[in-house]
Amino acid sequence: MAKQALILYYSQFGNTAKLAGHLHQLTGADILQLKVPAGTFPDDMQETDKVYQQQLTGGHLPPITTTLPDLNYYDLVLLGGPVWDGKVASPVLAALQMLQGYQGEVAPFSSGWSDTGKYQEDFVAHAGKLKVVAGYHVLTHANPRFNQLAAGSWLRKL
Ligand SMILES: Cc1cc2nc3c(=O)[nH]c(=O)nc-3n(C[C@H](O)[C@H](O)[C@H](O)COP(=O)(O)O)c2cc1C
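This report concerns the structure included in the present document. (Residues numbered from 1 in each chain as written. Predicted model: local features only at pLDDT ≥ 70, side-chain atom pairs only at ≥ 80, totals over all residues. Heavy atoms only, no water.)

### Some details on the packing of aromatic side chains
Ring pairs (aromatic) are described by centroid distance and by the angle formed between their planes. Tallied over the full model, the rule gives eight aromatic pairs. Between Tyr10 and Phe41, the ring centres sit 6.4 Å apart and the planes meet at 55°, which makes this aromatic pair tilted. Of the two residues, Tyr10 sits in the loop between strand E1 (5–9) and helix H1 (15–27) while Phe41 sits in the loop between strand E2 (30–33) and helix H2 (45–58), which places them 31 residues apart along the sequence. Ring geometry for Tyr136 against Phe146: centres 6.4 Å apart, planes inclined by 80°, an arrangement best described as edge-to-face. Linking Tyr136 in strand E7 (residues 136–139) with Phe146 in the loop between E7 and helix H5 (148–157), this pair joins segments that are ten residues apart in sequence. Residue Phe146 is classed as partly exposed on the basis of its relative accessible area, which comes to 27%. Among the aromatic residues, ring-to-ring pairing joins Tyr10, Phe41, Tyr52 and Trp84 into one connected group. (Phe/Tyr/Trp six-rings, centres within 6.5 Å; stacked < 30°, edge-to-face > 60°. Helix = DSSP H or I, 4+ residues; strand = E, 2+ residues; numbered from the N terminus. Buried < 20%, exposed > 50% of the residue type's maximum accessible area, 1.4 Å probe, protein only.)

And the structure:
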């Protein structure tokens, strides 16, 4: 990966943050956590799911409170988040909207519990004209788990 890359990620419970940290160590890329206003999501998976479903049904994605740097400086953005219902978590959907107009490549990464579902397809479906490349998707309680060799191999192709 001989590119100027930025790692952007949202993490509710820390798993995607850990994965983003591994990718940061492997690449030395700049890294930034995407935040939403406090209280947006309850501290509980099922309750979070209710909020998520309401957001999707109502078309109200949560605002991202993190200020993004000038993306023109980067030719690759690694955009990570948790798998929610086999799909992309709403803060990452909001980030995809913020990234519209970005000319570089966008590489998704995700962490799930046991099933990545249709994360990559959903990411592409919400990416508009962004140039999305193949992502890196790991699970905490099933395979594929995070693996340095696999992550390195993915990063080298970017
Ligand atoms: C609303 C919601 C839906 C979820 N749906 C899935 C799912 O479909 N498949 C899965 O493997 N894990 C699912 N999970 C679990 C998370 O994807 C998993 O714990 C992830 O690593 C959490 O990342 P985080 O710690 O960065 O928030 C869901 C969690 C939440 C809160």
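From this point, the narrative continues.
### Notes on unusual backbone geometry
A cis amide bond links Asn143 to the next residue, Pro144, at an omega of 5°. Tracing the backbone shows Pro144 in the loop between E7 and H5. The phi dihedral of Asp85 falls on the positive side, at around 50°, and the residue is not glycine. With relative accessibility at 43%, the residue Asp85 sits in the partly exposed group.

### A few points about the site of the ligand
Every one of the 19 residues lining the ligand counts as a neighbour, but Ser11, Asn15, Thr16, Val83 and Ser111 are closest to it. The backbone of Gln12 places a nitrogen or oxygen atom 2.8 Å from an oxygen atom of the ligand. In this structure, an oxygen atom belonging to the ligand sits 2.7 Å away from a side-chain N or O atom of Ser111. Protein chains bury 92% of the 640 Å² of accessible surface belonging to the ligand in isolation. For the shell around the ligand, the secondary-structure elements that each account for two or more residues are H1, H2, strand E3 (76–84) and strand E5 (105–112). For the shell around the ligand, a count of residues per class yields six nonpolar, ten polar and three charged. (Near = heavy atom within 4 Å. Polar contact = N/O pair within 3.5 Å; in protein donor to acceptor, adjacent residues only side chain to side chain. Areas by Shrake-Rupley, 256 points an atom, 1.4 Å probe, with all protein chains shown as cover. Nonpolar A, V, L, I, M, F, W, Y, C, P; charged D, E, K, R; others polar.)

Shape is all these values report; function is a separate question.
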